Amino acid sequence: MSIQFDRLFQHSPNAYMVVDRQWRFVEVNHAYELLTGTPRAQMLGRAVFDVFPGATNDDGSQHADAVRLSLERAFATGERDVLALIPYAIESDTPEGRVVDLRYWSATHTPLRDDAGNVFAVMQHTTDVTEVHRLREEVRRAREATGLTAEQMSEGVLSRAAAVQRDNLRLSARQAFLVDLFEQAPGFMAVLRGPDNVFELANQAYERLINRTDFIGVPLRDVLPELSDQGFFELLDQVRETGNPFVGRGMPVTLRPDEGDQHTIFVDFIYQPIRDSHGHIEGIFVQGADVTGREAALSALRESEGRFRTIANLVPQMVWSTRANGEIDYCNQRWYDFTGLPDGATRGHEWDGALHPDDRDRAWALWRRSLATGEPYDIEYRLRFNTGEYRWVLGRALPMRDAMGQIVRWMGTCTDIQDQKRVQEMLERSQEALRTADRQKDHFLAMLAHELRNPLAPIATAAQLLKMAPDRVQTVLQASEIIDRQAIHMGNLVEDLMDVSRVTRGLTALKRRRVRLSDIVEAAIEQTMPLMTRRGHRFTLADRTADVELWADPSRLTQILSNLLNNAAKYTPPNGTVALEIEPLGSDVLLRVRDNGIGIDSELLARVFDLFAQAETTPDRHEGGLGVGLALARSLTRLHGGTLSAFSDGAGEGSTFELVLPIDLASMHDEDASG
């Protein structure tokens, strides 16, 4: 006859229940209903731990933890798992309401397999041992009160069994946690045993890395034969022989999967020796991470940096960069070529040593402001060139920001603008010279108008006199003298202008001949003496030469010296002193004209020989002039091969003019021979 196992299951006095992999009740028998006090209909299809959540142990763990771990072991291993003694609270409905009863159980979990041999459910055989446990507790208390008995010996065995059960549960929980952690770790991990490096464990990340599965128990050489010529087997042997771990950083690994093309990845990894209780190496723990993306990014960064450095060294400018805090971390070759400093000498904050001392404070102040505000850096300063001189450069820098807008570094350039600066300075000097010339021109025109207007008034007066008394001889003679005198004065003015024009255009030719210097001095004094006498000046002559002769144009030389004497007389107040000193000076002769007049300030002294340069007219000086006398005197002096210089200690300190003329003996001898 056939056995109806379903009826046997339902009518068995032992409590049974079956759960699937989601911990849902698949079936429970009548004894289980009686044991738990819960109808079958309230359990089927629901999760075990939803129906019976249990309570909390004294150590903080949950009642359900031990049951769950035991069920997991049964599903995972396919082997029966036993819980000798576990506390578990059961909630049930009574006429007095819902109550929670803490009871003690012994459970056996048996895996159920399908036709293919796969575990699809677990059957639990449960025994309520609450009364036995309580009795044991009573016996324990009696033993403690009265001493050891045979029954207490038995109870001691039960206590040790319970302690072992608790330890096993804790170890199982810890093992399950570690296994789960091993499997879910993001980095690849494996355990290799023995000299053949047989796979004992490997997590999912390792399987994904090598694109292979089902290799547990297989030697590494059989799983990854492509590693044979890449040095990894030798590294494993080295770790096993020395006992020292090996750490690899960004090492390339070429893999050749069964399905797929050969490819190279990069890994960071460690080979860590595993030792047994005696300290012998029994295996190697492999752990690491696939860093192919990182290495690709680093390679791209190095390539990009290489391109940047190449471009930076090709441009004609000095290129530099700093960190966000302003510390220089790069200068291109142009920088080092320009400054002559060794590579790396300007890293950090040391670059200010190349700056001109007068520009450092200004450059640093502006740089600190840019660092604080993020404003572009734009400045001109002097930078020491490789020859030791300082050259002007234009320094500029812009900030580089990340996605959040934060400054991550600064990129800057220095451009050599020394030539532009020189041109700019020349232009500024030219412009200033043009402005000065324009002012002098205006002043000259005013002076010319004034000088030409002065003789016109007497001439006009003389003309009126002639009209009023044309028949009076005395009046006609007086008017004629006035007209003649003023005409001569106007002629001299025009002649001065013509002289300047001829000299500046190089049209003046000297009529040189052998001439005695004393004759030139006498003629110049004769021309100037009327003005000195009229102004009450005291004139002195000190000639320390004897019969010096020059090869010169006598009229032009007289014009030079009379110009100097006349100038001294005009700019010396009445009753002043004018002196002429003559002395030998090697192969030259020096003529020094000194006065105690109004002097020359430093600004005018620098341009006293320029055309139209004049001191301000004072009430004591009415002789006027066009301001061309000294310019004409210097030009004529240079035509004679001499020099003319002016000196003064300032306003009110008088003036000194020194005329140096060569004594050209060779020319004099040639002239004598030709005569």
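One structure accompanies this document, and this report is about it. (Residues numbered from 1 in each chain as written. Predicted model: local features only at pLDDT ≥ 70, side-chain atom pairs only at ≥ 80, totals over all residues. Heavy atoms only, no water.)

1. What to know about the overall build of the protein chain
Broken down by element type, the protein chain carries 19 helices and 22 strands. The burial tally for the protein chain puts 38% of its 675 residues in the buried class. Taking the intrachain contacts of the protein chain between residues at least 6 apart in sequence as the baseline, contacts between residues at least 24 apart amount to 52%. By element, 53% of the accessible surface of the protein chain is carried by carbon and sulfur atoms, the whole surface being about 38400 Å². (Helix = DSSP H or I, 4+ residues; strand = E, 2+ residues; numbered from the N terminus. Buried < 20%, exposed > 50% of the residue type's maximum accessible area, 1.4 Å probe, protein only. Contact = heavy atoms within 4.5 Å. Areas by Shrake-Rupley, 256 points an atom, 1.4 Å probe, with all protein chains shown as cover.)

2. Details of the pattern of salt bridges
Counted under the stated rule, the structure contains 27 salt bridges. Three or more residues are tied together by salt bridges with common partners; here these are Arg 544, Glu 581, Glu 583, Arg 592, Arg 594 and Glu 658. (Salt bridge = Lys/Arg side-chain N within 4 Å of Asp/Glu carboxyl O.)

3. Points about the packing of helix H15 (residues 517-535) against helix H16 (residues 554-570)
Following both chains from N to C, one finds H15 and H16 inclined at 25°, their axes separated by 8 Å at the closest point. In terms of axis orientation, H15 runs roughly parallel to H16. As H15 packs across H16, the resulting crossing turns out to be right-handed. Judged by residue contacts, Ile 520, Val 521, Ala 523, Ala 524, Ile 525, Gln 527, Thr 528, Leu 531, Met 532 and Arg 535 of H15 engage Pro 554, Leu 557, Thr 558, Leu 561, Ser 562, Leu 565, Asn 566, Ala 569 and Lys 570 from H16. Residues of the contact of H15 with H16, tallied by class, amount to 12 nonpolar, 5 polar and 2 charged. (Axes fitted to C-alpha atoms, helices over the stretch in contact; angles between N-to-C directions. Parallel < 35°, antiparallel > 145°, perpendicular 65-115°, else oblique. Left-handed = near helix turned anticlockwise from the far one by under 90°. Nonpolar A, V, L, I, M, F, W, Y, C, P; charged D, E, K, R; others polar.)

4. What about the sheet that holds strand E12 (residues 328-331)?
Ordered by their spatial adjacency, 5 strands build an open sheet running E12-E11-E15-E14-E13, and the pairing between neighbours is antiparallel. The sheet terminates laterally at E12 and strand E13 (377-384), the two strands that pair on one side only. Taking the axes of each pair of neighbouring strands and ignoring which way they run, one obtains an average angle of 25° across the sheet. In this sheet, E12 lies alongside strand E11 (residues 318-323) in antiparallel orientation, the contact comprising 3 bridges. Residue pairing in the sheet places Ser 321 in a bridge with Tyr 330 of E12. Sheet strands in contact with helix H12 (residues 360-373) are E11, E13, strand E14 (390-401) and strand E15 (407-416), and its direction is about 145° off that of E13. (Pairing = 2+ DSSP bridges.)

5. Here's the deal with helix H4 (residues 63-77)
Here H4 spans 22 Å end to end across 15 residues, near enough to the 21 Å set by a 1.5 Å rise per residue. Residues His 63, Ala 64, Ala 66, Val 67, Leu 69, Ser 70, Leu 71, Ala 74 and Phe 75 constitute the buried set of H4. Two residues or fewer past H4, Gly 78 is found with a positive phi of approximately 75°. (Expected span 1.5 Å × (residues − 1).)

6. Here we look at the pairing of E11
Note on strand geometry: in a regular strand, side chains alternate between the two faces of the sheet. In terms of residue burial, E11 counts as a mostly covered element, since 5 of its 6 residues are buried. Pairing of E11 with E15 involves 6 bridges; the strand directions are antiparallel. The residue bridging Arg 323 from the neighbouring strand is Arg 409, located in E15. With antiparallel pairing between neighbouring strands as the criterion, E11 and E12 make up a hairpin whose turn holds 4 residues, including Gly 326 at a positive phi of roughly 95°.

7. Describing the sheet that holds strand E8 (residues 246-255)
Read from one edge of the open sheet, 5 strands run E7-E6-E10-E9-E8, paired in antiparallel fashion. Taken across any chain shown, the strands that pair with only one partner, and hence form the sheet edges, are strand E7 (198-202) and E8. The average angle at which neighbouring strand axes cross in this sheet is 30°, direction not considered. Pairing between strand E6 (residues 188-193) and strand E10 (residues 281-290): 6 bridges, direction antiparallel. Across the sheet, Val 191 pairs through a bridge with Phe 285, a residue of E10. Packed onto the sheet, helix H9 (residues 232-242) meets E6, E8, strand E9 (263-275) and E10 and runs at close to 15° relative to E9.

8. Some remarks on the side chain of Arg 391
Looking at the element boundaries, Arg 391 is found in strand E14. When near neighbours in sequence (up to four residues on either side) are disregarded, Arg 391 contacts Phe 338, Tyr 381, Arg 382, Leu 383, Phe 385, Asp 416, Gln 418 and Asp 419.

9. Considerations on the packing of aromatic side chains
What the rule picks out here adds up to 14 aromatic pairs. Aromatic side chains Phe 25 and Phe 52 sit 6.3 Å apart centroid to centroid with 85° between the ring planes, which places their arrangement in the edge-to-face category. On the criterion of sequence distance, the pair formed by Phe 25 in strand E2 (residues 25-28) and Phe 52 in the loop between helix H3 (48-51) and H4 is long-range, its members being 27 residues apart. Across the pair, Phe 52 and Phe 25 agree in class, each one buried. Their ring planes at 70° and their centres at 5.9 Å tell us that Phe 188 and Tyr 206 sit as a pair that is edge-to-face. Residue Phe 188 is found in strand E6, and its partner Tyr 206 is found in helix H7 (residues 204-210); the two are separated by 18 residues along the sequence. Tyr 206 matches Phe 188 in its accessibility class, with the two residues each being buried. Among the aromatic residues, those joined into a ring-pair cluster are Phe 188, Phe 199, Tyr 206 and Phe 215. (Phe/Tyr/Trp six-rings, centres within 6.5 Å; stacked < 30°, edge-to-face > 60°.)

10. A closer look at the nonpolar core
Core analysis: the biggest nonpolar cluster contains 37 residues, and Leu 517, Val 521, Leu 550, Leu 561, Leu 565 and Leu 591 have the highest contact counts within it. The residues contacting Val 521, other than those within four sequence positions of it, are Leu 541, Leu 561, Leu 580, Ile 582 and Leu 591. (Core = buried A, V, L, I, M, F, W, Y, C linked by side-chain atoms within 4.5 Å.)

11. Some thoughts on the packing of H16 against helix H18 (residues 629-639)
Between H16 and H18, whose axes approach to 9 Å, the crossing angle comes to 145°. Every pair of crossing elements has a handedness; the one defined by H16 and H18 is left-handed. Across the interface between the two elements, Arg 556, Gln 559, Ile 560, Asn 563, Leu 564 and Asn 567 of H16 pack against Gly 629, Leu 630, Leu 632, Ala 633, Leu 636 and Thr 637 of H18.

12. Let's talk about the state of the cysteines
Where two cysteines share a covalent bond between their sulfur atoms, that bond is called a disulfide. Per the stated rule, a full pass over the model turns up 0 disulfides. Here Cys 331 is not disulfide-linked; the sulfur of Cys 414 is the nearest cysteine sulfur, at 8.3 Å. (Disulfide = S-S within 2.5 Å.)

13. What about unusual backbone geometry?
The phi torsion at Asn 211 lies on the positive side, around 55°, for a residue other than glycine. With a relative accessible area of 48%, Asn 211 lands in the partly exposed category. For Asn 575, which is not glycine, the phi dihedral falls at a positive 70°. Mapping Asn 575 onto the fold places it in the loop between H16 and strand E19 (577-585).

14. Things to note about the environment of Arg 535
Take Arg 535: it is sitting in helix H15. From its side chain, Arg 535 meets the backbone oxygen of Thr 572 in a polar contact 3.0 Å long. (Polar contact = N/O pair within 3.5 Å; in protein donor to acceptor, adjacent residues only side chain to side chain.)

15. Considering the pairing of E2
Strand direction decides the pairing type here: strand E1 (residues 15-19) and E2, joined by 3 bridges, are antiparallel. Paired with Val 18 across the two strands is Glu 27, which belongs to E2. Between E1 and E2, which follow one another and run antiparallel, lie 5 residues, and Trp 23 among them has a positive phi close to 65°.

16. Section: H15
The terminal C-alpha atoms of H15, which comprises 19 residues, lie 27 Å apart, in line with the 27 Å expected from a rise of 1.5 Å per residue. Along H15, the helix axis deviates most sharply at Thr 528, where the bend reaches about 45°; the proline Pro 530 sits within four residues downstream. For H15, every residue scored as buried is listed here: Leu 517, Ile 520, Val 521, Ala 524, Ile 525, Thr 528, Leu 531, Met 532 and Arg 535. The elements touched by buried residues of H15 are strand E16 (513-516), strand E17 (538-543), strand E18 (549-552), H16, E19 and strand E20 (588-595). Positive phi appears at Gly 536, one or two residues downstream of H15, with a value of about 75°. (Bend = angle between axes of the 7 residues up to and from the residue.)

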